[in-house]
Amino acid sequence: MNETSDSAPSGRQPGQVPAPQAVSAPVAAPPVLVFRNVSIQFDGPSVLQDVTFSLAPTETRILLGPTGVGKSVLLKLTNGLLAPDRGCVQLFGEDISRMSEDKLFPLRARTGMVFQEGALFDSLTVRDNVAYQLIGEGVPDEEIDQRVHEALRFVELDATFALFPGSLSGGMRRRVAIARALIHQPELLLYDSPTGGLDPITSTTIIELIVKERDVLRTPALLVTHRLQDAFTMCTHRFDTEQNRMVPLPEGQTDPNTTFLMLDEGRLIFDGSLHDLIHSENKFVREFLE
Amino acid sequence: MAIHMIERTGKQLVLTMQEYSLFVYSAVTNLFRPPRYWPDFLIQSDIIGFGSAFIVLLSGFFTGGVLALQSAATLSEFGATAMTGRFVSLTMIRELGPVLTGIMVSGRNASSMASELGSMVVTEQIDAMRALGVDPLRKLVTPRLFACISMLFFLTIVADAFGIVGGGAVTVFMSGQDGTQYFSSAWEALRYPDILQGLVKPLFSGFIIASIGCFYGMRTTGGTQGVGRSTIQAVVTASVLIIFVDFLVTRVMLGLFPPL
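Residues numbered from 1 in each chain as written. Chains lettered and ligands numbered in written order. Predicted model: local features only at pLDDT ≥ 70, side-chain atom pairs only at ≥ 80, totals over all residues.

This part takes up the overall build of chain B. In terms of helices and strands, chain B carries eight helices and zero strands. Walking chain B from its N terminus toward its C terminus, one meets helices and strands in the order α-α-α-α-α-α-α-α. The principal-axis extents of the C-alpha atoms in chain B amount to approximately 65 × 50 × 35 Å. When the 260 residues of chain B are sorted by exposure, 45% land in the buried category. Contacts spanning at least 24 positions in sequence make up 87% of the contacts within chain B whose residues lie at least 6 apart. (Helix = DSSP H or I, 4+ residues; strand = E, 2+ residues; numbered from the N terminus. Buried ≥ 20, exposed ≤ 12 C-beta atoms within 10 Å, placed from the backbone. Contact = placed C-beta atoms within 7 Å.)

Put into structure tokens, the structure is as follows:
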């Protein structure tokens, strides 16, 4: 796979966060998310150690790593579902590392999260699941129905409006979860292994939706996966709104806003573009790719 | 090795108590700050109150009947069968009504709360709720807590009433005694402190059932096996605590209102 002309060949060093801009320099949008030397430990050894990276407003970052390496934990640190033992997590410019749960709720409401198994509420219909935040905010029923239909059309599941999650397949549940994450027009999307446990065709459908979201709505996202194929598909495809489907980028091009992170034994060992990933000399990265 | 084990168990116990205290504090104080989920309170009141009414009614009725049967035999030795109504009403209202209702509702509702919330934890629904900006304590625990306290109060009255009726049925139809005598004896024996004692206890039992059920549910780990474990722990802990707190409340109430 070749390098796109837009991608810098050098990439970032793992742990490197963009330095603050000088006053006279062109104003760059501040990162949506910053991790600085974040570590967390449960009963056993450290799950994450000194993790440092950032996520720019138009960026989609794919976090790679084998199962059990701490990817989901990192994602839960992102919106404060877990608090780090050391280091700092900044979400939308606010340090959430020591923030109380009450103050975190409004910040979390500005993010959308797709959980590994969808995490839909079993006792609620698809309509009520997707509209969960809107119902809580007291939005009128007519507006809720309209917005839920829009969100379900985006994931091409409008027919499931009145169904319960129990009657949906695994892939459909993930798509409903994506609709639920999107309905509130989040400023950051978090995907926790959205294709885990799905067959290749359904996985491609889910990845197509994520690419559609990236290219149409342009929301910054952090996606966790251990499936290289999904990551490469995201990087080498774009969503064509005229054909309403995902199409490959021209030979040798990759999406410049889709970059990679890789975890190994709780440490961030790679941070860079697809080109940097493919040409990395790191032994673990090479093994993972091969 | 043994000392380490005792130390670890002791620390775990203190940590659990601390977590439970913080959990209960948040659940209670949530009622005084918006948002409040009144529809959830009504749904839970229906599930706990109406849903448990039948088992509480039956257990109250037959407990009253058993009390009448057992007491009639003993009282007849002293020629005091006329006191059956007094014995049944005082025992039901002061002690057995509140305790039995608490244990029956604990078996039904502490288990359902622990398993429902535990399932939500292991399927990440609780995390999803938090990620959507909704406080699960406020949405799930506070309505259950206050619904359980208020419904247990009324369920205890139902159990007391049907216990006295059950005792009356046995006294009249099986022991062949006079019904008017039974009910007038039951009524005349009652004093306000007896009723107060009987109606204070369900407030504590309701609090224990919901807080313990939700607490064990929300700290579930270990998948479906963990849900089963949480359910068992919730029912056992709630039942033992109900009896223990009943003892404490009885002691305090007897101290405040000594028997004549």
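What follows concerns the overall build of chain A. Secondary structure assignment for chain A yields 10 helices and 12 strands. A compact globule built from 290 residues should have a C-alpha radius of gyration of about 19 Å, and chain A, at 19 Å, falls within 12% of that. In terms of its C-alpha atoms, chain A occupies a principal-axis envelope of roughly 50 × 45 × 45 Å. Taking the contacts inside chain A whose residues are at least 6 apart along the sequence as the reference set, 65% of them involve residues at least 24 apart. (Rg over C-alpha atoms; globule rule 2.2 N^0.38 Å.)

With that settled, the discussion passes to the sheet that holds strand 7 (residues 188–192) of chain A. All names here are of chain A. Strand order across the open sheet formed by six strands is 6-7-8-3-11-12, with mixed pairing between neighbours. Sheet topology places strand 6 (111–114) and strand 12 (267–272) at the edges, where each strand pairs with a single neighbour. Averaged over all pairs of adjacent strands, the angle between their axes in this sheet comes to 15°, without regard to strand direction. Relative to strand 11 (residues 258–264), strand 3 (residues 60–64) runs parallel, the two sharing five bridges. Bridging across to strand 11, Arg-61 finds its partner in Thr-259. (Pairing = 2+ DSSP bridges. Axes fitted to C-alpha atoms, helices over the stretch in contact; angles between N-to-C directions.)

In this complex, chain A contributes 14 residues to the contact, which on the side of chain B involves 11 residues. Contributions of two or more residues to the side of chain A that touches chain B are made by helix 2 (101–108) and helix 4 (132–136) of chain A. Residue classes in the side of chain A that touches chain B are distributed as nine nonpolar, three polar and two charged. (Nonpolar A, V, L, I, M, F, W, Y, C, P; charged D, E, K, R; others polar.)

What follows deals with the confidence of the model for chain A. Residue and element names in this part refer to chain A. Across chain A, the average pLDDT comes to 86, with 90% of residues at or above 70. Of all the helices and strands in chain A, helix 10 (residues 283–289) carries the lowest mean pLDDT, 86, while helix 3 (residues 126–130) carries the highest, 95. Scored below 50 in pLDDT, residues 17–26 makes eight contacts in the model with residues more than four places away or belonging to other chains. (pLDDT = per-residue confidence, 0-100.)

All names here are of chain B. As for its placement among the helices and strands, Ser-211 is situated in helix 7 (residues 192–218). Residue Ser-211 is classed as buried on the basis of its C-beta count, with 25 C-beta atoms lying within 10 Å. In the structure, Ser-211 is positioned 188 residues away from Phe-23 in sequence and 8.3 Å away in space, judged by C-alpha atoms. Excluding residues within four positions of it along the chain, Ser-211 makes contact with Val-24, Ala-27 and Leu-145.

Turning next to the sheet that holds strand 1 (residues 33–41) of chain A. All names here are of chain A. Taken together, four strands build an open sheet; the order of strands is 2-1-4-5 and the sheet is antiparallel. With partners counted over all chains shown, the strands left at the sheet margins are strand 2 (46–55) and strand 5 (94–95), one partner each. As defined by bridge partners, strand 1 adjoins strand 2 across six bridges and the pair is classed as antiparallel. Across the sheet, residue Leu-33 finds its bridge partner in strand 2, namely Leu-55.

All names here are of chain A. A large share of strand 7 lies buried, amounting to five of its five residues. Of the two faces of strand 7, the one holding Leu-188, Leu-190 and Asp-192 and the one holding Leu-189 and Tyr-191 are both buried throughout. Relative to strand 7, strand 6 runs parallel, the two sharing four bridges. Among the inter-strand pairings, Thr-111 is bridged to a residue of strand 7, identified as Leu-188.

This part covers the nonpolar core. Of all hydrophobic cores here, the largest spans 76 residues; its most connected members are Leu63(A), Val130(A), Ala179(A) and Phe260(A). Per-element tally for this core: the top contributor is helix 6 (residues 170–182) of chain A, with seven residues. In this view, Ala179(A) contacts Val130(A), Ala151(A), Leu152(A), Phe154(A), Val155(A) and Leu157(A); residues no more than four positions away in its chain are not counted. Counting residues in hydrophobic clusters, the runner-up holds 52 residues, among them Leu117(B), Leu140(B), Ile149(B) and Ile209(B). (Core = buried A, V, L, I, M, F, W, Y, C linked by C-beta atoms within 7 Å.)

What follows deals with the environment of Phe183(B). Residues and elements named next belong to chain B. Along the chain, the position of Phe-183 falls in helix 6 (residues 179–189). A C-alpha to C-alpha distance of 6.0 Å links Phe-183 and Gly-85, two positions 98 residues apart in sequence. Setting aside chain neighbours within four positions, we find Phe-183 in contact with Gly-85 and Gly-168.

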